[in-house]
Amino acid sequence: MSSNTMLQKMLLILISFSVVTWMIFIISQNFTKLWSALNLSISVHYWNNSAKSLFPKTSLIPLKPLTETELRIKEIIEKLDQQIPPRPFTHVNTTTSATHSTATILNPRDTYCRGDQLDILLEVRDHLGKRKQYGGDFLRARMSSPALMAGASGKVMDFNNGTYLVSFTLFWEGQVSLSLLLIHPSEGASALWRARNQGYDKIIYKGKFVNGTSHVFTECGLTLNSSAELCEYLDDRDQEAFYCMKPQHMPCEALTYMTTRNREVSYLTEKENSLFHRSKVGVEMMKDRKHIDVTNCNKSEKIEEKCQVGMKPPVPGGYTLQGKWITTFCNQVQLDTIKINGCLKGKLIYLLGDSTLRQWIYYFPKVVKTLKFFDLHETGIFKKHLLLDAERHTQIQWKKHSYPFVTFQLYSLIDHDYIPREIDRLSGDKNTAIVITFGQHFRPFPIDIFIRRAIGVRKAIERLFLRSPTTKVIIKTENIREMHIETERFGDFHGYIHYLIMKDIFKDLNVGIIDAWDMTIAYGTDTIHPPDHVIGNQINMFLNYIC
């Protein structure tokens, strides 16, 4: 009897153990599915303050699905990732060599006619003389005649197999020099793309909080990886964000000034950094600098229609001759002082952007003597600038764009906002014109910051056109800058990516384009602030759009 009881107890224990084991198995399977579901639903907002990548995962709490803006950002980044794939290399000798590459003029002639297209086949090789099997080199093509103060950019087509077609349109007659620069090999371009998108910390922001006679500086940034209390400056609609460490005994609203400095950080390896030595940036690939002769051949120029907003400039969209910019896609008029005065009468002009647009407001009074600066009782070169001509009812205003704005100088945050918000404040009419440029200050930061701002600007313009379709909006692209500037932080490769993105985002919008990238290559001005004669020709193009 006792043995049967013992057997029953053992059987009961065995059955209980089996049931418990089975329940644990079922729960663990469901938990794995639940965990996967939670991971799939994580949002990708960049402004989470622990962000260290383009689309960081920071929480297991299910959030909203991706917004339209986030989906567009993701689409553009994926497209760029395909265009700039990883190009790891074991030795510098396997990277593109300007010396060993060959550039051959196709169907060469003793003389060419003005208006002809000249094509060059470029075959790139590495430093060992071996043909490369992929493209992606960052090249810059330019033709020029210094005696004629003439220049134009060339068009580069990448076949992604180590060969390129470089095309020049021969716009003027005379002796023409051809240049093809290897700015960075494909391995360098790939390294810059990866390094750019790895961190937000290349620039240190210091915010000055003011409360009466006391003030304190704290660290700020587009993201802050800190457990301390933060001041959050958020724009929920446009998904923009900025943060500062909250100072003790001061409210977040006390943030009044900002300054920046470079952080000593690099996401490039030592081997990758060697590709950006001064001697390896901007190396000529045309052996002995080819010269060709161009004659008129009795060819007549076709008369194009007047320049107007909505036109999309080709590449190249013009050329410089005797220092003047001549467009190729529309009939541009060279305006003298009298015509400029007439054009500006009754106009409200808003210049929104960086210091390359601030150059415009300094240039206007040199040409239109009746335009005078109005003192707004602000200080510093980054203050709002206002030009007035009360008799002709003309107003021209420049305002800097908001974060990211990079400068060692302390600048005021009063009356400081993102460009989309500035556009939203303008009622607009047929006598209102807005010029927008941004990009130089975005170069040290991951590309999603720039794309998000460009999308926000586009949406603001769309809202403006709903309430005032006659308002003229002009987009000025970035210009090229110093070739031997800090490449990882500020180099032109980043600017060229911005250039491609701007063309994509604004391609079907009824805006005017001033292609400063194309213009400054043509002029050969490798400086962030082009000289006055270039600024004057940019403004002449602008006036052709609005008058």
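Refer to the preceding data block for the structure.
Structure report, in brief. Note that the structure is predicted; figures quoted are calculated from it, not measured.

## Some points on the sheet that holds strand β22 (residues 411–412)
Strand order in this open sheet of six strands is β11-β12-β10-β9-β13-β22, and the pairing throughout is antiparallel. Only two strands of the sheet have a single neighbouring strand rather than two, namely β11 (230–235) and β22. As defined by bridge partners, strand β13 (residues 255–262) adjoins β22 across two bridges and the pair is classed as antiparallel. Bridge pairing in β22 places Tyr-257 opposite Ser-412.

## Overview of a nonpolar patch on the surface
Together, Tyr-362, Phe-373 and Ile-381 make up a nonpolar patch on the protein surface, roughly 260 Å² of accessible area in all. Along the chain, the position of Tyr-362 falls in helix α6 (residues 355–367).

## Things to note about the environment of Glu-187
As for its position among the elements, Glu-187 is in helix α3 (residues 186–196). For Glu-187, a relative accessible area of 1% corresponds to the buried category. Here the alpha-carbon distance between Glu-187 and Pro-85, two residues 102 residues apart in the chain, equals 9.4 Å.

## Some remarks on the pattern of salt bridges
Tallied over the entire structure, the rule returns 31 salt bridges. Where Lys-507 meets Asp-504, a salt bridge forms, and the shortest distance between an N and an O atom there is 3.2 Å. Among the residues examined, Asp-504 registers a relative accessible area of 15% and is labelled buried. Look at the salt bridges and you will find they share partners, linking Lys-384, Lys-399, Asp-415, Asp-417, Glu-422 and Arg-425 into a network.

## Comments concerning the pairing of strand β9 (residues 203–211)
Strand residues, when the strand is regular, have side chains that alternate between the two faces of the sheet. Where β9 lies against β13, seven bridges are found, and the strand directions are antiparallel. Counted as the bridge partner of Ile-204 is Arg-261 from β13. In the sheet, β9 pairs with strand β10 (residues 214–221) via seven bridges, with the strands oriented antiparallel. Of the residues in β10, the one forming a bridge with Val-210 is His-215.

## A short note on the packing of aromatic side chains
Within the structure shown, the criterion is met by 19 aromatic pairs. Seen in terms of ring centroids, Phe-405 and Tyr-411 are 5.3 Å apart; in terms of plane orientation they differ by 70 degrees. Their pairing is edge-to-face. Each residue in the set Phe-138, Phe-493, Tyr-496, Tyr-499 and Trp-517 is aromatic and connected to the rest through ring pairs, giving one cluster. Above the ring of Tyr-134, the side-chain terminus of Arg-87 is found at 4.0 Å from the ring centroid. Sitting over the face of the ring of Trp-398, Arg-358 holds its NZ or CZ atom 5.8 Å from the ring centroid.

## As for the side chain of His-184
Checked against the element boundaries, His-184 lands in strand β8 (residues 174–184). His-184 sits in the buried class, given a relative accessible area of 3%. Beyond its immediate sequence surroundings of up to four residues, His-184 is in contact with Asp-137, Phe-138, Ala-189, Leu-192, Phe-276, Val-281, Thr-487 and Phe-493.

How each quantity is defined
- Residues numbered from 1 in each chain as written.
- Predicted model: local features only at pLDDT ≥ 70, side-chain atom pairs only at ≥ 80, totals over all residues.
- Heavy atoms only, no water.
- Pairing = 2+ DSSP bridges.
- Helix = DSSP H or I, 4+ residues; strand = E, 2+ residues; numbered from the N terminus.
- Patch = residues over 30% accessible without salt bridge, like charges linked within 9 Å, V, L, I, M, F, W, Y side chains within 5 Å.
- Areas by Shrake-Rupley, 256 points an atom, 1.4 Å probe, with all protein chains shown as cover.
- Salt bridge = Lys/Arg side-chain N within 4 Å of Asp/Glu carboxyl O.
- Buried < 20%, exposed > 50% of the residue type's maximum accessible area, 1.4 Å probe, protein only.
- Phe/Tyr/Trp six-rings, centres within 6.5 Å; stacked < 30°, edge-to-face > 60°.
- Lys NZ or Arg CZ within 6 Å of the ring centre and 35° of its normal.
- Contact = heavy atoms within 4.5 Å.

In short, the description is geometric, and any link to function would need to be established separately.
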